[in-house]
Structures are given as C-alpha cells and as structure tokens.
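# Observations on chain architecture
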Amino acid sequence: MKETQEELTYHVPVLLKESVDGMNICPNGTYVDVTFGGGGHSREILSRLEKDGRLLGFDQDEDAERNIVDDPRFIFVRSNFRYLHNFLRYHDIEKVDAILADLGVSSHHFDDSERGFSFRFDGALDMRMNKRAGLTAADVVNTYAEERLADIFYLYGELKNSRKLASVIVKARANGQIKTIGEFLEIIKPLFGREREKKELAKVFQALRIEVNQEMEALKEMLTAATEALKPGGRLVVITYHSLEDRMVKNIMKTGNVEGKTTQDFFGNLQTPFKLVNNKVIVPDEEEIERNPRSRSAKLRIAEKK
Ligand SMILES: C[S@@+](CC[C@H](N)C(=O)[O-])C[C@H]1O[C@@H](n2cnc3c(N)ncnc32)[C@H](O)[C@@H]1O
C-alpha cells in the first residue's frame with residue numbers, strides 16, 4: 001500500500017507484509033491493532049477489508065491521533081491497550097478475528113526532542129507515551145530507592161553495572177534534582193567506556209522507558225485479554241523489540257500464560273489455548289534492516305487460537 005511522506009516520517013512500519021499476512025484477514029472480519037502509531041499496519045489491514053470489516057486501533061499517545069484514518073470501518077481508541085477487554089465491551093464486540101501488537105515506541109517518539117526518549121537531544125527527562133500519565137523518568141531517577149533503581153536497570157536494561165549506576169544516581173541527586181537529559185547524561189556517562197557508550201546508554205534509556213510506561217504490566221494484561229477475546233481460529237500477531245517482551249509473548253503462545261507455566265491433561269498432553277503458526281521467530285531480512293535500521297531487533301510471532 002502507498003504511504004504518504006508524513007506517515008513515513010512518523011514511523012516506518014516493520015515486518016508489514018509478514019505481520020498482516022499472519023493475521024489471516026477475512027474481508028468482513030473484526031480486527032484490532034493495539035499499537036496504532038503512524039497507522040502503517042492499520043492502513044494495510046483496512047486495504048484488505050470489505051464494507052462490513054471492522055478495525056479498532058489503540059494508542060495511548062495523543063500524537064498518534066494525527067494519523068487517524070478517515071474510514072467508516074475504523075475506530076480509534078486513545079487508551080492504553082491494557083484496557084482491551086473494557087473497550088471491546090464498550091464497542092459491543094464479543095470476539096475478534098485477529099489482534100496485532102507492534103510493541104514499544106515509534107520513531108516519532110525517538111525523533112521528538114521534547115518527549116525525552118532519546119539521548120541524542122537535551123530536554124526534560126520525561127519518556128511518557130501518554131502525556132497525561134503521572135510518572136516521568138525524572139520522577140523515577142529522583143524518587144526511587146537505590147535498590148529499586150538497580151533492579152530496573154538490571155531487569156529492564158540487562159545492564160551489568162546496574163548497582164553502580166543506581167549508586168551514582170543516588171549520590172548525584174543528593175546535590176539537587178536531576179531534571180534534564182543533559183544533567184542525567186553527565187552523571188552516568190563516566191560509567192561507560194567510549195566504545196560501548198551508545199549501546200549502554202540505549203539500555204539505560206530502555207529500562208527507564210519500560211518503568212515509566214509500566215510496559216511489562218500493560219503487556220501482560222493485554223496478552224491475557226487478547227487470549228480471551230480471540231475467536232477459535234483467530235490470530236495473535238506480535239512484534240517485539242527486546243528479549244523481555246519476546247519471552248512473555250513466547251510464553252503466552254506456548255502455554256496460555258505469560259509466566260510460561262505448563263499444565264497437562266490426564267494423558268500428559270500440554271494444555272494450551274494456542275497453536276503456533278510459526279515455530280521459528282520471523283525477523284526482518286537484510287533489505288528491510290538496511291532500509292529501516294530500527295527494524296533490526298524486531299521479532300514476529302504468530303499463534304492461532306484453538
Ligand atoms: C512501534 S509503534 C507502532 C507503529 C505502527 N505499527 C505503525 O505502523 O505505525 C508502537 C505504538 O504503540 C503505542 N503504544 C505502546 N504501548 C502502548 C500501550 N500500552 N497502550 C497503547 N498504546 C501503546 C505507542 O504510543 C506507539 O505509537
């Protein structure tokens with residue numbers, strides 16, 4: 001499908017054909033894109049629907065509203081996808097044919113210097129996807145206990161020096177609040193060698209972003225609600241960008257719960273609500289990575305409700 005320049009600068013959709021093919025679209029079915037963003041995936045879904053098809057697009061960021069598609073088959077829901085169940089009920093939808101999630105933040109978030117997602121710009125230490133939400137990255141670094149900060153860097157950023165990092169931050173904030181990205185970088189940069197600096201900073205920022213937006217909690221709730229909402233034969237299609245997300249998605253698709261706890265029936269067969277459509281994770285090819293370097297870490301998994 002053709003895209004305008006504005007949509008492309010907002011966000012270039014990742015694994016577009018592979019993920020929408022994976023939704024197994026019936027022209028008159030009901031679909032959900034829980035991460036509308038620039039609307040690239042939603043437009044592709046709509047192009048495969050006929051008159052009675054329906055698509056709900058969720059995004060918690062009000063900036064995404066500028067990409068809303070003017071189409072009677074489309075409904076935009078400006079909300080966190082953790083409330084999937086409530087909004088399906090609100091719109092009188094009992095079951096759906098497929099749910100697509102393309103997780104994390106969009107290029108728009110990284111490229112907007114005022115949102116605080118990128119260490120390329122100075123500005124407020126913010127990182128909220130939902131600008132009306134309470135907690136900012138500055139709140140996290142200025143108020144969390146040292147141990148909790150260390151856990152966040154370790155769990156969400158997989159940073160080896162998480163304890164040292166937390167200790168340096170706690171020491172620095174005793175001299176005054178850390179309000180901007182510039183101030184924050186000045187405090188943490190000496191901890192990283194020049195060579196790996198960018199990679200390590202990306203991990204620190206990822207960890208803070210996950211905490212600020214409560215991403216793991218929201219993902220867990222959405223995946224659980226999605227499992228309930230799918231019709232038999234319906235598809236769950238998820239693109240992840242880091243190993244924590246991918247583990248949750250893999251677990252729910254294999255076992256029906258994000259922890260990956262297995263249950264067996266009387267005969268020892270694994271009880272699970274899904275059948276895997278792709279056993280091996282789908283990743284972008286070289287051509288896509290070259291065209292869109294942000295697709296590099298993407299992993300696509302598809303499962304079908306039994
Ligand atoms: C990777 S982008 C999706 C891009 C989209 N597929 C496209 O083609 O343009 C992820 C989007 O999901 C939104 N998002 C992330 N987590 C969310 C959540 N828990 N609830 C609602 N929206 C969320 C972000 O604001 C962002 O716009």
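Reading the values: rules and limits
Residues numbered from 1 in each chain as written. Predicted model: local features only at pLDDT ≥ 70, side-chain atom pairs only at ≥ 80, totals over all residues. Heavy atoms only, no water. UniProt positions renumbered as here; feature names shortened; annotations may be inferred. Near = heavy atom within 4 Å. Polar contact = N/O pair within 3.5 Å; in protein donor to acceptor, adjacent residues only side chain to side chain. Areas by Shrake-Rupley, 256 points an atom, 1.4 Å probe, with all protein chains shown as cover. Nonpolar A, V, L, I, M, F, W, Y, C, P; charged D, E, K, R; others polar. Phe/Tyr/Trp six-rings, centres within 6.5 Å; stacked < 30°, edge-to-face > 60°. 1 Å grid on protein atoms, 1.4 Å probe; cavity = no way out; pocket = protein on both sides within 12 Å on 5 of 7 lines; lining within 4 Å. Points joined across faces, edges and corners; volume = space filled by probe spheres on them. Helix = DSSP H or I, 4+ residues; strand = E, 2+ residues; numbered from the N terminus. Core = buried A, V, L, I, M, F, W, Y, C linked by side-chain atoms within 4.5 Å. Buried < 20%, exposed > 50% of the residue type's maximum accessible area, 1.4 Å probe, protein only. Domains from an automatic or database assignment. Contact = heavy atoms within 4.5 Å. Buried area = accessible area lost by both parts, 1.4 Å probe. Salt bridge = Lys/Arg side-chain N within 4 Å of Asp/Glu carboxyl O. Pairing = 2+ DSSP bridges. Axes fitted to C-alpha atoms, helices over the stretch in contact; angles between N-to-C directions.

Per an unreviewed UniProt entry, the protein goes by Ribosomal RNA small subunit methyltransferase H and derives from Bacteroides salyersiae CL02T12C01. Under the UniProt heading Sequence similarities (unreviewed entry), the note attached to the protein is "Belongs to the methyltransferase superfamily. RsmH family."

The subject of this paragraph is the site of the ligand. Every one of the 24 residues lining the ligand counts as a neighbour, but Gly38, His41, Asp59, Phe81 and Asp102 are closest to it. For the ligand, a nitrogen atom lies 3.5 Å from a polar atom in the backbone of threonine 35. With respect to the ligand, the backbone of glycine 39 contributes an N or O atom lying 3.3 Å from an oxygen atom. In isolation the ligand offers 610 Å² of accessible surface; the protein chains occlude 98% of this area. Tallied by class, the residues present in the shell around the ligand amount to 8 nonpolar, 13 polar and 3 charged.

This brings us to the packing of aromatic side chains. The description of an aromatic ring pair rests on the distance of the ring centres and on the angle between the ring planes. Counted under the stated rule, the structure contains 7 aromatic pairs. Measuring from centroid to centroid gives 5.3 Å for phenylalanine 266 and phenylalanine 267, while their planes differ by 85°, and the two rings are edge-to-face. Clustering of aromatic rings is evident, with ring pairs tying together Phe36, Phe74 and Phe76.

Which parts of space are left empty comes out when a probe the size of a water molecule is rolled across the atoms. For the coordinates displayed, the defined rule picks out 1 cavity of 30 Å³ or more. Lining of the largest cavity is provided by Lys250, Met253, Lys254, Leu276, Asn278, Asn279, Arg301 and Ile302. Those elements giving two or more residues to the lining of the largest cavity turn out to be α12 (243–255) and β7 (299–305). It is α12 that provides the largest number of residues to the lining of the largest cavity, a total of 3 residues.

Within the largest apolar cluster, 67 residues are counted, with the highest numbers of intra-cluster contacts made by Leu84, Ile99, Phe184, Met222, Leu223 and Leu236. Considering every element that reaches this core, the biggest residue donor is helix α11 (residues 215–229), with 8 residues. Two domains each provide a minimum of three residues to this core, namely domain 1 (14–105 + 214–303) and domain 2 (110–213). Setting aside its immediate chain neighbours within four residues, methionine 222 contacts Val34, Phe81, Arg82, Leu84, Ala101 and Leu103.

Quick look at the domain arrangement of the protein now. The domain architecture assigned to the protein consists of domain 1 (14–105 + 214–303) and domain 2 (110–213). In this assembly, 15 residues from domain 1 lie in contact with 19 residues from domain 2. In terms of surface lost to domain 2, no three residues of domain 1 exceed Val105, Gln214 and Glu215, which account for 33% of the buried area on that side. There are 6 salt bridges connecting domain 1 and domain 2.

With that settled, consider the sheet that holds strand β6 (residues 274–276). Read from one edge to the other, the open sheet built from 7 strands follows the order β3-β2-β1-β4-β5-β7-β6, with strand pairing classed as mixed. The open sheet is flanked by β3 (74–77) and β6, the only strands paired with a single partner. Going across the sheet, the axis of each strand differs from the next one's by a mean of 20°, ignoring polarity. Pairing of strand β2 (residues 54–58) with β3, which is carried by 4 bridges, proceeds in the parallel orientation. Its bridge partner being in β3, leucine 55 is matched across the sheet by phenylalanine 74. Here helix α3 (residues 40–47) sits on the sheet in contact with β1 (30–33), β2, β3, β4 (96–102) and β5 (230–240), set at roughly 170° to β1.

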